[in-house]
Amino acid sequence: MGASVAVAQERRPSHCIAVAETAPGLQYLHRASWREPLPDAYSVRLHYIAHASFLIQTAGGLNAVTDFTGFIGSAPIIPDVVTMNHAHATHWTEFPDPAIPHVLEGWGAFGEGIAHHLDLDEMLIRNVSTDIRSGGGVETFGNSIFVFEVAGLCIGHLGHLHHVPTPEQFAALGRLDVVMAAVDGGSTLPLPDMLQVLSRLRSSVVIPMHWFGDYTLDRFLSQIGETFAVERPGTSELVVSLRSLPDRPTVYVLEPAYLRAGE
């Protein structure tokens, strides 16, 4: 499993699996800069960088980047941890900066997958493996859904999902308060299947990613259904906490923006 997996005699259990009920809490804020401190110790900032990459920041200063490609902008930031998937080159890099302490690949030996359980005290990161299409066939366990447990929240990044998860995979995910979902409907999961996944997860917050322009994004928004509200705040960031998650499942459309030096 590699050095990226937390080594300990006893693993901290996942509260996302242990707690079945939906937790209350989300706060949406317009932020002037990703550098600004979070409002309190029980909040998390989500910044949409590009494509399928998000910066997840904790109040204690941890920085995690999803589907890391090696470039997040001109800001002089070295993430504490990055996750990657390898269905396409836009979701990983072969040469991550060696200064990054934890690089979590979402795949292992072909067909075997990988298991991560990285405990950084303030944040617990684990994965659930799924299959991907590969060379006209299937690479079993070639993708990972990464779950970030932080500030009492369960935040899931579906990666380059190619099939509806099995009941066992849904059970392994547990509760997801926030989910980043690919909504292109083509190179990842067909849109009807992604809508089925989101309906099953019933996450309080859904953040669309992996959309290739207004057409694919608007097609997803038009089909998400009456059970989901839609918010388009016109910003790249959300600050999330357990205090004010919306009563109704809500899609928040974030605008991708690379991290810039001096902002």
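Residues numbered from 1 in each chain as written. Predicted model: local features only at pLDDT ≥ 70, side-chain atom pairs only at ≥ 80, totals over all residues. Heavy atoms only, no water.

Novice: An account of the environment of glutamine 57 is requested, with residue identities and associated values reported.
Specialist: Of note, glutamine 57 is situated in strand S2 (residues 53-58). For glutamine 57, a relative accessible area of 7% gives the class buried. Residues glutamine 57 and glutamine 196 lie 139 residues apart in sequence; the distance between their C-alpha atoms is 29 Å. (Helix = DSSP H or I, 4+ residues; strand = E, 2+ residues; numbered from the N terminus. Buried < 20%, exposed > 50% of the residue type's maximum accessible area, 1.4 Å probe, protein only.)

Novice: Tell me about the sheet that holds strand S9 (residues 153-157), and name the residues and values.
Specialist: The 8 strands are arranged S6-S7-S8-S9-S10-S11-S14-S12 in an open sheet whose pairing can be described as mixed. Here the strands that pair on one side only, and so sit at the sheet edges, are strand S6 (117-119) and strand S12 (229-231). Between one strand and the next, the sheet's axes are offset by a mean angle of 25°, whatever the strand orientation. Strand direction decides the pairing type here: S9 and strand S10 (residues 178-182), joined by 3 bridges, are parallel. Paired with histidine 157 across the two strands is methionine 180, which belongs to S10. (Pairing = 2+ DSSP bridges. Axes fitted to C-alpha atoms, helices over the stretch in contact; angles between N-to-C directions.)

Novice: Can you break down the nonpolar core residue by residue, with the values?
Specialist: Note that soluble globular proteins tend to have their nonpolar side chains buried in a common cluster. Counting 59 residues, the largest nonpolar core has Leu46, Ile155, Leu198, Ile207 and Phe220 as its most contacted members. The contacts of leucine 46, once residues within four sequence positions are left out, are Leu55, Ile56, Ile155, Val178, Met180, Ile207, Ser236, Glu237, Leu238, Val240 and Leu254. Core analysis: the second largest hydrophobic core is formed by 13 residues, Ile72, Val82, Met84 and Leu259 among them. (Core = buried A, V, L, I, M, F, W, Y, C linked by side-chain atoms within 4.5 Å. Contact = heavy atoms within 4.5 Å.)

Novice: Hey, could you go over unusual backbone geometry for me, with residue numbers and the actual values?
Specialist: Among all residues save glycine, negative phi is the norm, and among peptide bonds the norm is trans. If you check the backbone angles, aspartate 67 has positive phi at about 40° while not being a glycine. Here aspartate 67 shows up in the loop between strand S3 (63-65) and strand S4 (81-84). A positive phi is found at histidine 210, a non-glycine position, where the angle reads about 60°. By the secondary structure assignment, histidine 210 is in the loop between strand S11 (205-209) and helix H4 (214-223). On the basis of relative accessible area, histidine 210 is assigned to the buried category, the value being 2%.

Novice: How would you summarise the sheet that holds S2 if you had to cite specific residues and measurements?
Specialist: Strand order in the open sheet formed by 6 strands is S5-S4-S3-S2-S1-S13, with mixed pairing between adjacent strands. The sheet is open, and its two edges are formed by strand S5 (102-105) and strand S13 (237-241), each paired on a single side. Strand-to-strand twist in this sheet, taken as the mean axis angle between neighbours without regard to direction, amounts to 20°. Inspection of the sheet shows S4 paired to S5 by 4 bridges, in the parallel sense. By the bridge assignment for S5, valine 81 is matched with histidine 102.

Novice: Describe the pairing of S2, naming the residues involved and giving the relevant values.
Specialist: Of all 6 residues making up S2, 6 are buried, and the element is well covered by its neighbours. The two faces of S2 match: Ser53, Leu55 and Gln57 on one face and Phe54, Ile56 and Thr58 on the other face are all buried. Examined bridge by bridge, strand S1 (residues 43-50) and S2 share 6 bridges and lie antiparallel to one another. Looking at S2, one finds that valine 44 is bridged to threonine 58. The hairpin formed by S1 and S2 contains 2 residues between the paired strands, and histidine 51 there has a positive phi angle of roughly 55°. Summarising the sheet, S2 and S3 pair through 3 bridges and their orientation is antiparallel. For isoleucine 56, the partnering residue across the bridge sits in S3 and is alanine 64.

Novice: Just give me the short version of the confidence of the model for the protein chain, but keep the residues and values in it.
Specialist: Considering every residue of the protein chain, the mean pLDDT works out to 89; 90% of them sit at 70 or more. Scored below 50 in pLDDT, residues 20-26 shows 28 contacts in the model against residues more than four places distant or in partner chains. Residue range residues 28-32 is modelled with pLDDT below 50. Its contacts to residues more than four positions away, or to other chains, number 16 contacts. (pLDDT = per-residue confidence, 0-100.)

Novice: So what's going on with the pattern of salt bridges? Residues and values would help.
Specialist: Going through the model one piece at a time under the given rule, you end up with 6 salt bridges. In this structure, arginine 126 and glutamate 149 form a salt bridge, with 2.7 Å as the shortest nitrogen-oxygen distance. Linking arginine 126 in strand S7 (residues 123-134) with glutamate 149 in strand S8 (residues 137-150), this pair joins segments that are 23 residues apart in sequence. In terms of burial, arginine 126 and glutamate 149 fall into one category: buried. With its nearest N and O atoms 3.3 Å apart, the salt bridge here joins aspartate 218 to arginine 232. A residue pair is termed long-range when its members are at least 10 positions apart, and aspartate 218 in helix H4 and arginine 232 in the loop between S12 and S13 qualify at 14 residues. (Salt bridge = Lys/Arg side-chain N within 4 Å of Asp/Glu carboxyl O.)

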